[in-house]
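An overview of the molecular structure
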Amino acid sequence: METARVLVAADKFKGSLTAVQVAERVTAGLRRIVPEVQVETLPVADGGDGTVAAAVAAGFERREARVTGPRGETVTAAYALRDTTAVVEMAEASGLQHLPAGVFAPLTATTYGSGELLAAALDAGARTIVFGVGGSATTDGGAGMLAALGARFLDADGKPVGPGGGGLAELAEADLSGLDPRLADVDLILASDVDNPLTGPKGAPEVYGRQKGATEDDIATLDAALAHYASILGPDHAKLPGAGAAGGIGYGALVALGARFRPGIEVMLDVLGFAPALARATLVITGEGSLDEQTLHGKAPAGVAAAARAAGLEVVAVCGRLALPPEALGRAGIRRAYALTELEPDPAVCMAQAGPLLERVAEGIARDFLS
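Residues numbered from 1 in each chain as written. Predicted model: local features only at pLDDT ≥ 70, side-chain atom pairs only at ≥ 80, totals over all residues. Heavy atoms only, no water.

**With respect to the pattern of salt bridges**
Counted only if it meets this: Each reported salt bridge corresponds to a side-chain nitrogen of Lys or Arg within 4 Å of a carboxyl oxygen of Asp or Glu. Helix and strand labels come from DSSP, where a helix needs a run of H or I of at least four residues and a strand needs a run of E of at least two; each type is numbered from the N terminus. Partly exposed describes any residue whose relative accessible area lies between the buried limit of under 20% and the exposed limit of over 50%, with all areas from a 1.4 Å probe on protein chains only and scaled to the type maximum.
This structure, assessed with the given rule, holds 22 salt bridges. Residue D123 is joined to R182 by a salt bridge in which the shortest nitrogen-to-oxygen separation is 2.8 Å. Linking D123 in helix α4 (residues 112-123) with R182 in the loop between β8 (173-175) and β9 (187-192), this pair joins segments that are 59 residues apart in sequence. Between R152 and D175 there is a salt bridge, with its nearest N and O atoms 3.5 Å apart. Of this pair, R152 sits in strand β7 (residues 152-154) while D175 is found in strand β8, placing the two residues 23 residues apart along the sequence. Relative accessible area serves as the criterion here: at 44%, R152 is assigned to the partly exposed category.

Here it is as structure tokens:
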């Protein structure tokens, strides 16, 4: 019998294991049952947090820059570079992880640091930038990002408006003439797993504002401010898929930076070299912390499964918790899913013991699919 060649292409288990650690634990469990199994690991991400780490695991160089955090403080943010391609993750500069526990700034949080991070990638010689957007603390329509890249947003007195989405209510003039000229020669790919418009019932403030600490009044304020901002910069772009990504930073990238939107997992699979890895495999293992309804809408496991199914390969998934019925998994191209909660029903213990439990799950996969 031919030796099995397994490709482990899973996302992180948020809060417990990075994508790299998931791959290591799955590999260890498989080899305990089938020592001779060939395993190739390709940690994946869908444009949200963990995207830079996945690129670094695939051979990109990790670079760091000191930039402005969402509340105006200085933070260290990483991006990834290989030749002239950079992977920039907006959450590294403007993400929720930079806010102290329980402290939010829904009206004033800024994406200025994301613009500084893009500038750092340009300084490093990037000509193609994959801009992963997700996990943001911000709802400023990308105005802060554009300001860091040379745009000016002025009130009726000709003074700069305040930071964050709240300040955009005072916007009278947007001057984009000072934008970094290098942007015109860069292929900027907006990589996101959400396709929301900028405003309205499916827009950034209404759908994502609450998780950033916004009250109902704040949401109304931000929606009106972003609509006003879009009326000045260009209302048509506000309706485009991805405009509402990461508090509207997608809109800023689309309307002013010439970005093109692509589903994050598709972009990342291209960048990470998934197709050649897939060609070497006989079985694919994917997964993430929670396999649920959201997974089916552009998350990493769904993208991996779709590509593997198109190549005629069987796919199994690992997860912390499983909230999808077998028929939904089947439609997504996943033959079977293995959840840590099947071994340990207590979610807190599951999170704390995710590594050892995942090894045991992988042993089960080896018995079922490789023995």
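**Description of the packing of helix α8 (residues 216-233) against helix α9 (residues 245-256)**
When two helices pack together, their arrangement is given by the angle between their axes and by how far apart the axes lie. As a reminder of what qualifies: Here an axis means a line fitted to C-alpha atoms, over the contact stretch when the element is a helix, while the angle between two N-to-C directions is reported on a 0 to 180 degree scale. Orientation is classified from the angle alone, with under 35 degrees giving roughly parallel, over 145 giving roughly antiparallel, 65 to 115 giving roughly perpendicular, and any other angle giving oblique. Residues are treated as being in contact if the distance between any of their heavy atoms lies within 4.5 Å.
Across the interface, α8 lies against α9 with an axial gap of 11 Å and an inter-helix angle of 5°. Considering their axes alone, α8 and α9 lie roughly parallel with respect to each other. On α9, the residues that touch Y229, A230 and L233 of α8 are Y251, G252 and V255.

**Considerations on the sheet that holds strand β10 (residues 260-263)**
Selection rule: At least two bridges found by DSSP between two strands is the condition for calling them paired.
In spatial order, the strands read β3-β4-β5-β6-β9-β10; together these 6 strands make up an open sheet with mixed pairing. Each end of this open sheet is capped by a strand with a single partner; those strands are β3 (61-68) and β10. Pairwise comparison of adjacent strand axes, ignoring direction, gives a mean angle of 30° for this sheet. Examined bridge by bridge, strand β6 (residues 128-132) and β9 share 5 bridges and lie parallel to one another. In the sheet register, V130 faces β9, and the bridge partner there is I189. Each of β6, β9 and β10 is contacted by α9, which is oriented at about 155° to β9, the strand it contacts most. Of the strands in this sheet, β4 (74-82), β5 (85-89), β6, β9 and β10 touch helix α10 (residues 264-272), which is tilted by about 85° from β10.

**With respect to the nonpolar core**
How we decide: Residues belong to a common nonpolar core when they are buried Ala, Val, Leu, Ile, Met, Phe, Trp, Tyr or Cys residues joined through side-chain atoms within 4.5 Å.
Residues I129, F131, L146, Y229 and L257 are the most contacted members of the largest nonpolar core, which totals 54 residues. For this core, the element with the most residues is α9, which contributes 8 residues. In this view, L257 contacts L118, M145, L146, L149, L179, L183, L188 and G252; residues no more than four positions away in its chain are not counted. Counting 41 residues, the second-largest nonpolar core is a separate cluster that includes A9, V44, A45 and A317.

**Brief notes about the side chain of K212**
The test is simple: In protein, a polar contact means a hydrogen-donor-capable atom and an acceptor-capable atom, both N or O and within 3.5 Å, with residues adjacent in sequence counting only if both atoms are side-chain atoms; elsewhere, any N or O pair within 3.5 Å suffices.
Here K212 lies in the loop between α7 (204-208) and α8. From its side chain, K212 meets the backbone oxygen of T138 in a polar contact 2.8 Å long. The contacts of K212, once residues within four sequence positions are left out, are L96, F104, A105, P106, S136, A137, T138, T139, A246 and G247.

**Topic: helix α15 (residues 354-370)**
Note the cut-off: In this scheme, a helix's expected span is set at 1.5 Å multiplied by one less than its residue total.
With 17 residues, α15 should cover 24 Å at 1.5 Å per step; its first-to-last C-alpha distance of 23 Å lies within 8% of that length. Taking burial as the measure, the 17 residues of α15 include 12 buried ones, the bulk of the element. Taken as a whole, α15 has its buried residues at A354, G355, L357, L358, E359, V361, A362, E363, G364, I365, A366 and L370. Packing partners of the buried residues in α15 comprise β1 (5-8), α1 (19-33), β11 (283-291), β12 (314-322), β13 (336-339) and α14 (347-352).

**Things to note about the sheet that holds β13**
Either a parallel or an antiparallel arrangement is found when strands of a sheet pair, and the pairing is made through backbone hydrogen bonds. Strand order in this open sheet of 5 strands is β2-β1-β11-β12-β13, and the pairing throughout is parallel. Sheet topology places β2 (38-41) and β13 at the edges, where each strand pairs with a single neighbour. Along the sheet, successive strands turn relative to each other by an average axial angle of 25°, direction set aside. Summarising the sheet, β11 and β12 pair through 8 bridges and their orientation is parallel.

**Topic: α4**
Taking 1.5 Å per residue, 12 residues should reach 16 Å; α4 reaches 17 Å between its end C-alpha atoms and fits that length. Judged by how many residues are buried, α4 sits mostly within the fold: 9 of 12 residues are covered. Within the span of α4, buried status applies to G113, S114, G115, L117, L118, A119, A120, A121 and L122. Following α4 by one or two positions, G125 adopts a phi angle in the positive range, close to 100°.

**Points about the side chain of S94**
Counting through the fold element by element, S94 comes out in helix α3 (residues 90-94). Look at S94 and you get buried, because its relative accessible area is 0%. Residues in contact with S94, not counting those within four places in the same chain, are P70, T110, T111, G113, S114, S136, A137 and T138.

**Here's the deal with the packing of aromatic side chains**
Spelled out, the test is: For this analysis, a ring pair means two rings from Phe, Tyr or Trp (six-membered ring only for Trp) whose centres lie within 6.5 Å, classed as stacked if their planes differ by under 30 degrees, edge-to-face if by over 60, and tilted for the remaining angles.
Evaluated as defined, the whole model comprises 2 aromatic pairs. With 5.6 Å between their ring centres and 70° between their planes, Y229 and Y251 make a pair best called edge-to-face. Remark: Y251 occurs in helix α9 and Y229 occurs in helix α8; sequence separation between them is 22 residues. Here the two residues Y229 and Y251 agree in accessibility, since each one is buried. Taken together, the ring pairs connect F153, Y229 and Y251 into an aromatic cluster.

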